[in-house]
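# Inside the fold
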Amino acid sequence: MAAAPHQADLTRAIDDLRRTRAALLALLRPLTAEDFARTRPGAWTIGRVARHLAESDVLYARLLAHQTGNDPGALPDPTPRDGAEAAAMLEATSTAMLGMIEGIDAETLYRIVKVGREEYSPLSVLENVAMHDAEHLAQIRDLLDATARPAVVRSPAAPPLAARIRPATEADLAAINDIYNHYIRETAITFDIEPWTIEERRAWFAKFAPTGRHQLFVAEASAAVVGFACAGQFRTKAAYDTTVETTIYCAPDAAGRGIGRALYARLFESLRDQDVHACVAGITLPNEPSCALHESFGFRRIGVLREVGFKFGRYWDVAWYERPASDQAHRG
Ligand SMILES: CC(C)(COP(=O)(O)OP(=O)(O)OC[C@H]1O[C@@H](n2cnc3c(N)ncnc32)[C@H](O)[C@@H]1OP(=O)(O)O)[C@@H](O)C(=O)NCCC(=O)NCCS
């Protein structure tokens, strides 16, 4: 039997609200008090948007209480100081709102109440909350993008770092993991969300060898591993075997100091005599240093996959690059 029309309307409104709210909460949660101060000329700060959202939510919850005659319970003080507080507040008001409309009858769901010059039914309140969330989600994303710190800041003062490039050994795995896990936690450069354990890293390492298509090099400076680069399997289907995917990471304080160029120069030199027909690399955008490095080693941008990764509450594009085997031209 088909659901009563009011149930279908209600389910749709709740689904919309849950979806937009989940994206909003994921975006807000990691923001620090410092992020709350981010803005651009003529715009609100992110903190002001978050407070406005929390205040409106409390008003919407009170309105629903008035319309349904239900008790909203204690509503939070809407003055969050960072993303975690803002997310907790919005979660508390969501719970209150969803509690008040649970099991609502058709007559109450569509009953219009005039508030000032506006007219609202409980259904339109739910729809408004989702629209309001979507609007401010876009606003916060814009502010984050407009004020984004580059993944790597090239400091003119950073001197070149002399490093020895050598094949990696098992003793390097903890340092490799530390470098990579930094970029998992802090950036969308990698689409991993959870840091790798050392066991996972060991299993990954087992796939490389000193010769052949799949090789792994580290850069060592002052007895510390400051970067790594590798060529690994692209896809598991056999016809892809002569294609490798390359990856390169430098420790944050070693970036922009010549290590990336030295690592890639050694890796491609080593692959020259192997049965490798093409190299590919995927780069989350924006990442100017990585795009420039790949292009200078003969990679060409093939295309951009739009919004294929969801991390830190938003979608990210990935540019795919290819370096044909015939292309040995690079400045390394
Ligand atoms: C991308 C990365 C590997 C480059 O290595 P690096 O050691 O920083 O680069 P180098 O100092 O050797 O510079 C090599 C080239 O990279 C490019 N590059 C490096 N830093 C750059 C920057 N801040 N802006 C623009 N281009 C930059 C340039 O083309 C440079 O060549 P040039 O010095 O002749 O102009 C490194 O910055 C890094 O680890 N970044 C974070 C992790 C990452 O993005 N990995 C790639 C994932 S796809």
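Think of each chain on its own: its residues are numbered from 1, step by step along the sequence as written. The predicted nature of this model means local features are confined to residues of pLDDT at least 70 and side-chain atom pairs, given and counted, to a pLDDT of 80 or more, with totals for whole chains, interfaces and linings taken over all residues.

Moving on, we get to unusual backbone geometry. Of note, the amide linkage connecting Leu-285 to Pro-286 takes the cis form, showing an omega dihedral of -5 degrees. As for its position among the elements, Pro-286 is in the loop between strand 7 (278–284) and helix 10 (288–296). Look at Ser-222: it is not a glycine, yet its phi comes out positive at around 45 degrees. We count a stretch as a helix when DSSP gives it H or I for four or more residues in a row; a strand needs E for two or more, and each element gets its number in order from the N terminus. Along the chain, Ser-222 falls in the loop between strand 4 (216–221) and strand 5 (224–233). In this structure, Glu-307 is a non-glycine residue whose phi angle is positive, near 50 degrees. Tracing the backbone through its elements, the reader meets Glu-307 in strand 8 (residues 300–311).

With that out of the way, let us pick up helix 4 (residues 83–101). Helix span, expected: 1.5 Å multiplied by one less than the number of residues in the helix. Given a rise of 1.5 Å per residue, 19 residues ought to cover 27 Å, and the 27 Å separating the end C-alpha atoms of helix 4 matches this to within 8%. In this scheme the burial state of a residue depends on its C-beta neighbours within 10 Å: 20 or more other such atoms mean buried, 12 or fewer mean exposed, and anything in between means partly exposed; the C-beta positions come from the backbone. For helix 4, the full list of buried residues reads Gly-83, Glu-85, Ala-86, Ala-87, Met-89, Leu-90, Ala-92, Thr-93, Ala-96, Met-97, Met-100 and Ile-101. Each residue gets a C-beta atom placed from its backbone, and two residues are in contact if those atoms lie within 7 Å. The secondary structure elements touched by the buried residues of helix 4 are helix 1 (5–28), helix 2 (33–36), helix 3 (46–68) and helix 6 (122–146). Residue Gly-103 follows helix 4 closely and has a positive phi angle near 65 degrees.

To continue, consider the packing of helix 3 against helix 6. Inter-axis angles, ranging from 0 to 180 degrees, are taken between N-to-C directions of lines fitted to C-alpha atoms, where helices are fitted over the stretch in contact. Where helix 3 meets helix 6, the axes come as close as 11 Å, and the angle between the chain directions of the two elements is 175 degrees. Taken together, the axes of helix 3 and helix 6 lie roughly antiparallel to each other. Only Pro-122, Val-125, Asn-128, Val-129, His-132, His-136, Gln-139, Ile-140 and Leu-143 of helix 6 make contact with helix 3, whose side of the interface consists of Ile-46, Val-49, Leu-53, Ser-56, Asp-57, Tyr-60, Leu-63, Leu-64, Gln-67 and Thr-68. Note that the term roughly parallel is reserved for angles under 35 degrees, roughly antiparallel for angles over 145, roughly perpendicular for angles of 65 to 115, and oblique for everything else.

Axis separation between helix 3 and helix 4 bottoms out at 10 Å; the angle between their running directions is 15 degrees. As summarised for this structure, helix 3 and helix 4 are arranged roughly parallel, according to the angle between their axes. Viewed along their axes, helix 3 and helix 4 form a crossing whose handedness is left-handed. Contacts from Ala-50, Leu-53, Ala-54, Asp-57, Val-58, Tyr-60, Ala-61, Leu-64, Ala-65 and Thr-68 of helix 3 reach helix 4 at Ala-86, Met-89, Leu-90, Thr-93, Ala-96, Met-97, Met-100 and Ile-101. For this classification, Asp, Glu, Lys and Arg are treated as charged, while Ala, Val, Leu, Ile, Met, Phe, Trp, Tyr, Cys and Pro are nonpolar and the rest, including Gly, are polar. Looking at side-chain class alone, the contact of helix 3 with helix 4 contains 15 nonpolar, two polar and one charged residues. Helix crossings are classified by the rotation of the near helix relative to the far one: an anticlockwise turn of less than a right angle makes the crossing left-handed, while a clockwise turn makes it right-handed.

Partitioning the chain into domains gives domain 1 (5–146) and domain 2 (164–324). For the domain bounds, the source is a domain assignment made automatically or taken from a database. Its C-alpha centre places domain 1 at a distance of 41 Å from the equivalent point of domain 2.

A few words on the environment of Thr-108. Relative to the helices and strands, Thr-108 resides in helix 5 (residues 106–110). You can call Thr-108 partly exposed: it has 16 C-beta atoms within 10 Å. Linking Thr-108 and Ala-254, residues 146 residues apart in sequence, is a C-alpha distance of 63 Å. In this structure Thr-108 touches Thr-68 and Pro-122, once residues within four positions along its chain are discounted.

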